[in-house]
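Fold and contact review
Below, each chain spelled out in residue letters.
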Amino acid sequence: MRIRYFAWLRHRVGTADEEIELPAEVTTVGALGDWLAARSPGFKEAWQTPGVVRVAVNQTHVTDTAAAVKTGDEVAFFPPVTGG
Amino acid sequence: MRIRYFAWLRHRVGTADEEIELPAEVTTVGALGDWLAARSPGFKEAWQTPGVVRVAVNQTHVTDTAAAVKTGDEVAFFPPVTGG
Amino acid sequence: MIRVQCAPFDAGAETAALTAGRDDLGAVVSFQGVVRRGDGPDAVDAMTLEHYPGMTERELERIEAEAQRRWPLQATLVIHRYGRMEPGEPIVLVVCCSRHRRAAFDACAFLMDWLKTRAPFWKLEETAAGARWVEATAGDEAAAARWSEP
Amino acid sequence: MIRVQCAPFDAGAETAALTAGRDDLGAVVSFQGVVRRGDGPDAVDAMTLEHYPGMTERELERIEAEAQRRWPLQATLVIHRYGRMEPGEPIVLVVCCSRHRRAAFDACAFLMDWLKTRAPFWKLEETAAGARWVEATAGDEAAAARWSEP
């Protein structure tokens, strides 16, 4: 599974993207975030602060942490957008 | 006093503008309209139909028929505007 | 800035001139009205805009000043044509610049709504059935009324 | 039509190309967002827009399709830049064409409000005090929320 980070979350994590082997028990966006948080203190701090981290699965916004993720998906984590 | 007519009201009256000698007893927009209506059947029909004739005194919209007019003013009569 | 003219205008060039060299504008909203041909027997071959020289300029200046009073605008432009024009030609251009987009959008919509009900212009359309004066619409009155202040 | 690009664009030329040869458009509303320098210690020397290639295009297409679903639009254009830009440079252009002005105004404001809260762009500002990521505002969330359907 490909994981991508953007903007200041990319700085906190220290990488723009990474390939991970998705553990079998990680099947939702929420569980994936928790699993990544256990590996990265920078990500953990942001992930545990409400309203700070947004998620897209296969380039589509996801707001429900119960949304499914599976091997082969591209999952992105980023702060609220500020374009326009 | 200079009187001006625009758009289809100009066609009805048959002139774009005219100079009149303002009778002493005509001191309001309403009285002026009535006085002009007595001279022009085309103007009279439009003037007596509610909401059809708009008035400007010295190039400023006037909505109150009791508004004052006097010798030297420029008074314009026209249909609701349709620019833009 | 307001301008009343017979000649066509280039909306892009006018807007570029208004904003040239400025780095304090966050939002530039523009409205351009264009002669629309329309369909069927009502199709318009051309349109002639009559206006009231002198009052037109004064009224547009009043409307522009009112927009500047209501919103924090850094630059405004109103160009309105008169005379004969064909489908596809521009009739009117309104540009509003502000730091923030909401003020620019609202001011531009307001300027058009007030212009439509106050600026002394009248449209004469040429169709296959002959020439006819365009009638004012209740929709335009309602649009202008939504900007009335308490 | 949507476009994501690093190079600057000419709003006037883009709008002219969109409307060229058309006589069925009554109203053309455009929004242009520009890098604003700002004042004092917060003054911005430059700004870099990061984005999510691929998702950006998809999201802009979704937003444009939603506008076309909600309003009778005859042509739409969204151009958004990424990369480094200086005060006075254009960031984004949205153009909406419709027969009537209200639809064009509303659709253009809607596109900007949704774009501001959904399109995956992030602004990094360079100031005298260093670089800082722009924070999302509650105002933008509120602006987007006013378009929610029942």
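This text goes with the structure placed above it.
An account of the accompanying structure is given in this report. (Residues numbered from 1 in each chain as written. Chains lettered and ligands numbered in written order. Predicted model: local features only at pLDDT ≥ 70, side-chain atom pairs only at ≥ 80, totals over all residues. Heavy atoms only, no water.)

1. Some points on the overall build of chain C
Check the secondary structure of chain C and you find 4 helices and 8 strands. When the helices and strands of chain C are read in sequence order from the N terminus, they spell out β-α-β-β-α-β-β-β-α-β-β-α. Expressed along its principal axes, the backbone C-alpha trace of chain C runs to roughly 50 × 40 × 30 Å. Evaluated residue by residue, chain C yields a buried proportion of 57% over its 150 residues. Put simply, of all contacts in chain C between residues at least 6 apart along the chain, 77% involve residues at least 24 apart. (Helix = DSSP H or I, 4+ residues; strand = E, 2+ residues; numbered from the N terminus. Buried < 20%, exposed > 50% of the residue type's maximum accessible area, 1.4 Å probe, protein only. Contact = heavy atoms within 4.5 Å.)

2. Points about the sheet that holds strand β5 (residues 74-78) of chain B
Residues and elements named next belong to chain B. Spatial strand order, β2-β1-β5-β3-β4: 5 strands in an open sheet with mixed pairing. The open sheet is flanked by β2 (17-19) and β4 (60-62), the only strands paired with a single partner. Here the strands of the sheet are splayed against their neighbours by 25° on average, with no regard to which way each runs. (Pairing = 2+ DSSP bridges. Axes fitted to C-alpha atoms, helices over the stretch in contact; angles between N-to-C directions.)

3. Regarding the sheet that holds strand β7 (residues 121-127) of chain C
Residues and elements named next belong to chain C. What the 4 strands build is an open sheet, ordered β5-β3-β7-β8; its pairing is antiparallel. Edge strands, defined here as strands with exactly one partner in the open sheet, are β5 (83-85) and β8 (130-133). Across this sheet, the average inter-strand angle for adjacent strands is 25°, counted without regard to direction. Pairing geometry for strand β3 (residues 44-51) and β7, over 7 bridges, is antiparallel. For methionine 47, the partnering residue across the bridge sits in β7 and is glutamate 125.

4. Topic: the interface of chain D and chain C
If you look at the interface, chain D gives 33 residues, while chain C gives 33 residues. Buried area between chain D and chain C, summed over both chains or domains, comes out near 2,600 Å², and the portion from carbon and sulfur atoms is 49%. If you look at where chain D meets chain C, you find 6 salt bridges. A salt bridge links D:Asp23 to C:Arg37; the nearest nitrogen and oxygen atoms lie 2.7 Å apart. In this assembly, chain D and chain C are joined by 11 residue pairs in polar contact (both at pLDDT 80 or more). Listing elements by their share of the side of chain D that touches chain C, those giving two or more residues are β2 (27-34), α3 (101-118) and α4 (138-145) of chain D. Each residue belonging to the side of chain D that touches chain C can be placed in one class, and the counts come to 13 nonpolar, 7 polar and 13 charged. Both strand β2 (residues 27-34) of chain C and β2(D) contribute to a ladder of 7 bridges, which runs antiparallel. Looking at the pairing, C:Phe31 lines up with D:Val29 of β2(D). (Buried area = accessible area lost by both parts, 1.4 Å probe. Salt bridge = Lys/Arg side-chain N within 4 Å of Asp/Glu carboxyl O. Polar contact = N/O pair within 3.5 Å; in protein donor to acceptor, adjacent residues only side chain to side chain. Nonpolar A, V, L, I, M, F, W, Y, C, P; charged D, E, K, R; others polar.)

5. Remarks on the arrangement of the chains
Here 3 pairs of chains make contact, and the pair sharing the most contacts is chains C and D. Regarding chain A and chain C, the two do not touch, and the least distance separating their C-alpha atoms is 10 Å. Nowhere do chain B and chain D come into contact; their C-alpha atoms are at least 10 Å apart.

6. A look at the relation of the copies chain D and chain C
Note on the copies: chain D fits chain C at an RMSD of 0.0 Å, the axial shift is 0.0 Å, and the rotation between them is 180°. Such values leave the two copies arranged in the relation of a two-fold axis. The position closest to the rotation axis in chain D is occupied by the C-alpha of D:Gly12, lying 1.8 Å away. Here 100% of the interface residues in chain D have copies in chain C that are interface residues too; the copies meet face to matching face. (Least-squares fit on C-alpha atoms with pLDDT ≥ 70 in both.)

Worth remembering: the numbers are spatial, not functional.
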